[in-house]
Amino acid sequence: LANMNFDMVDFLKKSACFDELDAQMLDNVLNKKNTRLILENLVSRNIFTIKTDDGFYRYHALFRSGLLETADKNQVSLLSQKAARYYFDKKQYSMAARYAIESKDDELLKIVILACYRDYIRAGNYNELRIWFQALNDAVIEQSPGILVARGAFLSVLGNFVQAKACLEAAIPLMNKDDKELYFE
């Protein structure tokens, strides 16, 4: 790193918070236009970077670990939050939830869940939903009728009818009379 210019070192430190390097996402999150070129340059110079079969990039684990040791933790959280919003806007909910969890952004995770839980239940993506609900702060769950309904539907599909009923009963007093967004399937 000592032989690299400041911009390259800054790029490496900021991008190291992502284990999978998506050039378009990095362009957006880091406010750059040339991320793919930078990553291709790192690959061609064998600087601890590989291109994966799916077109993304990865740093060598030890190289990434070393970069993360010197990273600003607040900046890592902010970048993860930006990545979550980027993926949410692209309707890539799994990635959005992953980065919302990493950045401890319960509000964004709540929005992700509400945007896709019905489709995830229909598709049988129960494990991801379980992880997402476990990651949410209990206070966020208890104060959001939408999340309570989503969690109730999820628990019901799993056959946990007692907890599902408790979630739905907790949601009812929180709902407005005009609340037409929430419905029971």
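Everything below is about the structure shown above.
(A) Examining the nonpolar core more closely. Grouped together as the largest cluster of nonpolar side chains are 54 residues, with contacts concentrated most on Phe 11, Phe 18, Leu 39, Leu 42, Tyr 59, Ile 113 and Trp 132. At eight residues, the largest contribution of residues to this core is made by helix H7 (residues 106–123). If sequence neighbours within four positions are ignored, Phe 18 has contacts with Met 25, Leu 26, Val 29, Arg 64, Leu 79, Ser 80, Ala 83 and Tyr 99.

(B) Fine view of the packing of aromatic side chains. As enumerated under the stated definition, the model contains eight aromatic pairs in all. Arranged with centres 5.2 Å apart and planes meeting at 75 degrees, the rings of Tyr 86 and Tyr 87 form a pair that is edge-to-face. Residue Tyr 86 is classed as buried on the basis of its relative accessible area, which comes to 9%.

(C) Inspection of the environment of Ala 71 at higher detail. Within the fold, Ala 71 resides in the loop between helix H4 (61–69) and helix H5 (73–89). In this structure, the C-alpha to C-alpha distance between Ala 71 and Val 9, residues 62 residues apart in sequence, is 11 Å.

(D) Spotlight on helix H1 (residues 6–15). Those residues of H1 not exposed but buried are Met 8, Val 9, Phe 11, Leu 12 and Ser 15. In an axial view of H1, the angular spread of the buried residues amounts to 160 degrees, which keeps them on one side of the axis. Turned more than 90 degrees away from the buried face of H1 sit Phe 6 and Asp 7, all of them exposed. Elements in contact with the buried residues of H1: helix H2 (23–29), helix H3 (35–44), strand E2 (57–59) and H4. Looking at where H1 begins, the residue whose side-chain oxygen comes 3.1 Å from the main-chain nitrogen of Asp 7 is Asn 5.

Conventions we followed
Residues numbered from 1 in each chain as written. Predicted model: local features only at pLDDT ≥ 70, side-chain atom pairs only at ≥ 80, totals over all residues. Heavy atoms only, no water. Core = buried A, V, L, I, M, F, W, Y, C linked by side-chain atoms within 4.5 Å. Buried < 20%, exposed > 50% of the residue type's maximum accessible area, 1.4 Å probe, protein only. Helix = DSSP H or I, 4+ residues; strand = E, 2+ residues; numbered from the N terminus. Contact = heavy atoms within 4.5 Å. Phe/Tyr/Trp six-rings, centres within 6.5 Å; stacked < 30°, edge-to-face > 60°. Arc of directions from axis to C-beta. Polar contact = N/O pair within 3.5 Å; in protein donor to acceptor, adjacent residues only side chain to side chain.

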